[in-house]
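Observations on the model geometry
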Protein chains: 2
Amino acid sequence: MGVIETAKTRARRVEKVVDLPLEQPIALPVGRILDGDCVEAMRSIPSASIDLVFADPPYNLQLGGDLNRPDGSHVDAVTDDWDKFDTFKAYDDFTQAWLVEAKRILKPDGALWVIGSYHNIYRVGAILQDLGFWILNDIVWRKSNPMPNFRGTRFTNAHETLLWCSQGEKAKYHFNYRAMKTLNDELQMRSDWVLPICNGAERLKEGGHKVHPTQKPESLLYRVLLSTTEKGDVVLDPFFGTGTTGAVAKRLGRQWIGCEREGVYREAALKRIAKELPLDESALTTMQAGRSAPKVAFGALVENGYLKPGTELFDKKRRWTATVRADGSLASGKQTGSIHGLGKELQGAPSCNGWTFWHYETGSEVKPIDAARQLYLLAVED
Amino acid sequence: MGVIETAKTRARRVEKVVDLPLEQPIALPVGRILDGDCVEAMRSIPSASIDLVFADPPYNLQLGGDLNRPDGSHVDAVTDDWDKFDTFKAYDDFTQAWLVEAKRILKPDGALWVIGSYHNIYRVGAILQDLGFWILNDIVWRKSNPMPNFRGTRFTNAHETLLWCSQGEKAKYHFNYRAMKTLNDELQMRSDWVLPICNGAERLKEGGHKVHPTQKPESLLYRVLLSTTEKGDVVLDPFFGTGTTGAVAKRLGRQWIGCEREGVYREAALKRIAKELPLDESALTTMQAGRSAPKVAFGALVENGYLKPGTELFDKKRRWTATVRADGSLASGKQTGSIHGLGKELQGAPSCNGWTFWHYETGSEVKPIDAARQLYLLAVED
DNA sequence: CACCGAAGTGAATCCTGGT
DNA sequence: GACCAGGATTCACTTCGGT
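As annotated in an unreviewed UniProt entry, chain A is Methyltransferase from Qipengyuania profundimaris. Listed in UniProt under the heading Sequence similarities (unreviewed entry), the comment for chain A reads: "Belongs to the N(4)/N(6)-methyltransferase family." The UniProt entry for chain A carries the following text under Catalytic activity (unreviewed entry): "a 2'-deoxyadenosine in DNA + S-adenosyl-L-methionine = an N(6)-methyl-2'-deoxyadenosine in DNA + S-adenosyl-L-homocysteine + H(+)".

Pasting the structure below:
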């Protein structure tokens, strides 16, 4: 799983596609945002060179007139030209074009993620099946705080759909089952993910206005990348926008490539990603299959940024310390485990409540990690 | 577009249907299960005669399920080239065939529901859009007790998807907004429904084995029928199975028609539905009356003494005042208008809900005039 | 600084009937 | 079909200003 391709082997394969001198390996434009149309941009990428494509294409919302809230205020809708298509046929052609390129550049064991709403996801899903992609799961992002239906005419549109696909029915793919289970309170991660929409400090703004109308939450990308890529993998996002994929990829030690036509988005993305710090080695190590694992939804705190991977935890008297890892497990020297299990091990105690045992520093204060859980529960509890 | 909810429009719609038999008798096979292929069966149904189609089509093609092409020829996994293209092609043809008939038999303001999983729902969704159906919502049935993924190779497949569609972009449709809001603890019903799968006493069994492999829970149909049909409406289910649609329809005072080719299922369904008792008139009426708020003219409150002509109204911050006039209009200085219109004018807002904007004093309390409407509604219902 | 209330906002296919 | 007027409609969260 997750074998990283060497530049040498990549070059050998690429050479047949792109007519280049034998000795000159093609360098993937890793850590760069390619300008222009994503189909054109992807054509410059060698075949079978990408581990994961994550795509957030235009949804083709087909909105009508203005919409006001009951209090009379105006809803700031997606009116950008990039979301306008004349017909379903036009949208289908566009979709097929980028999916064909995505399929070509993916490694045989690579995977595709696409996110969409009911406006477009059925068309995308049918087309990618036609192209031979094999749907592994459809994932529902259940928004904890969606916009209501102001006119009372339909059900609140409270979710979006993600499709996770392999290259074909028999194709291999990567799935970090253990990390997902750890992240989900020792229960199998389900196909419905409850996550808040992107707002607050995470939302990129310029002069008080959102830079991109549809910025995705980092927690969503966090789960996507953690579940289906390995450290060092190359992730390409054909609709990079303000670079959520790049930011989370960098944080998680994945390599990234973006495609984006709009200069404003490109600039915002580069600035954003530059600020991002990769997690260190120990934080990135996730639970491997078969090991003991946390028994609580501590992972949700990590995923949602309440406690960052790499954070140092310690008991009240600072006799022991441990590091938070990306999947919500803890590491202390060579010992690893859940917040409860590791606390128990270190103390040689029959049991340990990790929530009250482990502390962290926030500002000048020292708090039990239970404080972070309380914050999280306040925000997410439904 | 077009949500229809008032008793007035409802009556008008029924009138037209009731008129039909006078000129051109139609005998809808209400309360019956039509034998044979559903496309053939639907051909016997008059055009524009059905209020709702609920469909739970098969999607087990790749597991060897049998299927006939629209022309009647049998798709054989052995003799046909059973590659993916053929599989999808055959399924698409089948899907298109039944959707075409469903569209024909639906009234102009009728609606379609389809349920499926990621194996088939993307194909179904794209095809129904191509046929002109307009997706109003996609609904996620989030299973509270799904089957785990035993091999740990993917996310637990914990949901199914329903599509709710009108006849077209401009078509009218029915949505019992109030009923759904009431059902959801006075919050808008969302597009994700958490419901348990069908098991226990509800699950039909014969000799210890389940009669149908994919029997849907009655709670699911309950919500579908309550949200998008009215009492007396005709609901057709082309893949009737063991008759969950019929059972719930009968209970809710809706008429039903089924199509089912398997004799075993037909028998089980008839037996099941026979046992079902319709809710009595008062239970049904009470349920609807409490949940669908009839439109109240502000004038009716004045007329009935709930607000006397001459009463001073004002907004919450008392920036504006207005006087109630005998005909239910308001006057503020030289400006006059309806409760909504005057509120809108004074604020210079694009719209205004007069019911919550205007307040009045009663005793020592200040209340929105909506409070008076509620009192009026309580009195009128009894 | 804490607390409280008001204001703002998010991928939204968001009204109906009569002239 | 365009236009107009009457009428009905919101949830969870963040930020900001006042006390």
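Residues and elements named next belong to chain B. With respect to the helices and strands, the residue L313 is situated in strand β13 (residues 312-314). Judged by its relative accessible area of 0%, L313 falls in the buried class. Measuring from C-alpha to C-alpha, the distance between L313 and E202 comes to 54 Å, with 111 residues separating the pair along the chain.

Moving on, we get to empty space enclosed by the protein. Overall, the coordinates contain 4 cavities of 30 Å³ or more when judged by the stated rule. Empty space within the largest cavity amounts to approximately 50 Å³. I121, Y122, D138, V140, H159 and T161 of chain A together with I121, Y122, D138, V140, H159 and T161 of chain B together form the lining of the largest cavity. Elements with a minimum of two residues in the lining of the largest cavity: α4 (121-130), β4 (134-143) and β5 (159-166) of chain A together with α4 (121-130), β5 (134-143) and β6 (159-166) of chain B. What the second largest cavity holds in volume is close to 40 Å³. Every residue lining the second largest cavity is listed: D51, D109, G110, A111, H174, T228 and D233 of chain A. A total of 3 residues in the lining of the second largest cavity trace back to one element, the largest contributor, which is strand β3 (residues 106-116) of chain A. For the lining of the second largest cavity, the per-class residue count stands at 1 nonpolar, 3 polar and 3 charged.

Next up on the list: the pairing of strand β11 (residues 234-237) of chain B. Residue and element names in this part refer to chain B. On β11, burial covers both faces: V234 and L236 on one face and V235 and D237 on the other are all buried. Both β11 and strand β12 (residues 255-260) contribute to a ladder of 4 bridges, which runs parallel. Residue pairing in the sheet places V235 in a bridge with W256 of β12. For the crossover from β11 across helix α7 (residues 244-251) to β12, the handedness is right-handed.

With 53 residues of chain A in contact, the opposing surface of chain B contributes 53 residues. Interface area for chain A against chain B, summed over the two sides, is near 4700 Å², with a carbon-plus-sulfur share of 51%. The closest approach of N and O atoms between R123 of chain B and D130 of chain A, which form a salt bridge, is 2.6 Å. Where chain A touches chain B, the interface holds 31 residue pairs in polar contact (both at pLDDT 80 or more).

Next up on the list: the packing of aromatic side chains. Evaluated as defined, the whole model comprises 35 aromatic pairs over all chains. An angle of 85° between the planes, with centres 4.9 Å apart, marks the rings of F85 of chain A and Y91 of chain A as edge-to-face. Ring centres 6.0 Å apart and planes at 65° place the aromatic pair F298 of chain B and W355 of chain B in the edge-to-face group. Of this pair, F298 of chain B sits in helix α10 (residues 298-303) while W355 of chain B sits in helix α12 (residues 354-357), and the two are 57 residues apart along the sequence. Residue classification places W355 of chain B among the buried positions, given a relative accessible area of 7%. Aromatic rings pair up to connect W113, W164, Y173, F175, Y177 and W193 of chain A together with F155 of chain B into one cluster. Positioned above the aromatic ring of F88 of chain B, the side-chain terminus of R123 of chain B is 4.1 Å from the ring centre.

Procedures and definitions
- Numbers given to residues run from 1 along each chain, matching the order in which its sequence is written.
- Ligands are numbered from 1 and chains lettered from A, in the order in which they are written.
- Two thresholds apply to this predicted model, a pLDDT of at least 70 for residue-level local features and 80 or more for giving and counting side-chain atom pairs, whereas whole-chain, interface and lining totals are computed over all residues.
- To obtain the side-chain values, all non-hydrogen atoms of the structure were used and water was disregarded.
- UniProt positions are given in the numbering used here, feature names are shortened, and annotations may be inferred rather than shown by experiment.
- Secondary structure is summarised from DSSP: a helix means a run of H or I of at least four residues, a strand means a run of E of at least two, and numbering begins at the N terminus for each.
- Three exposure classes are used, based on accessible area relative to the maximum for each residue type with a 1.4 Å probe and protein chains only: buried under 20%, partly exposed in between, and exposed over 50%.
- Using only the protein atoms, space was sampled on a 1 Å grid; points where a 1.4 Å probe fits but cannot get out form cavities, open sets with protein on both sides within 12 Å along at least five of seven lines form pockets, and lining residues are those with an atom within 4 Å of a point.
- Grid points are joined across faces, edges and corners, and a volume is the space filled by probe spheres set on the points.
- Residue classes follow a fixed rule: Ala, Val, Leu, Ile, Met, Phe, Trp, Tyr, Cys and Pro count as nonpolar, while Asp, Glu, Lys and Arg count as charged, and any other residue, Gly among them, counts as polar.
- Pairing between strands is defined by DSSP: at least two bridges between them are needed.
- With strands facing away from the observer, any crossover in which the path from the first strand over the helix to the second runs clockwise is taken as right-handed.
- We call two residues in contact whenever any of their non-hydrogen atoms come within 4.5 Å of each other.
- When two parts are put together, the accessible area they lose, computed with a 1.4 Å probe and summed over both, is reported as buried area.
- Any Lys or Arg side-chain nitrogen located within 4 Å of an Asp or Glu carboxyl oxygen qualifies as a salt bridge.
- Definition of a polar contact: a pair of N or O atoms within 3.5 Å, with one able to donate and the other able to accept a hydrogen when the atoms are protein atoms, and with sequence-neighbouring residues admitted only if both atoms are side-chain atoms.
- Here is the rule: rings of Phe, Tyr and Trp (six-membered ring for Trp) pair when centre to centre is within 6.5 Å. Planes less than 30 degrees apart are stacked, more than 60 are edge-to-face, and the remainder are tilted.
- As a reminder, the over-ring test applies to NZ of lysine and CZ of arginine, requiring each to be within 6 Å of the ring centre and within 35 degrees of the ring normal.

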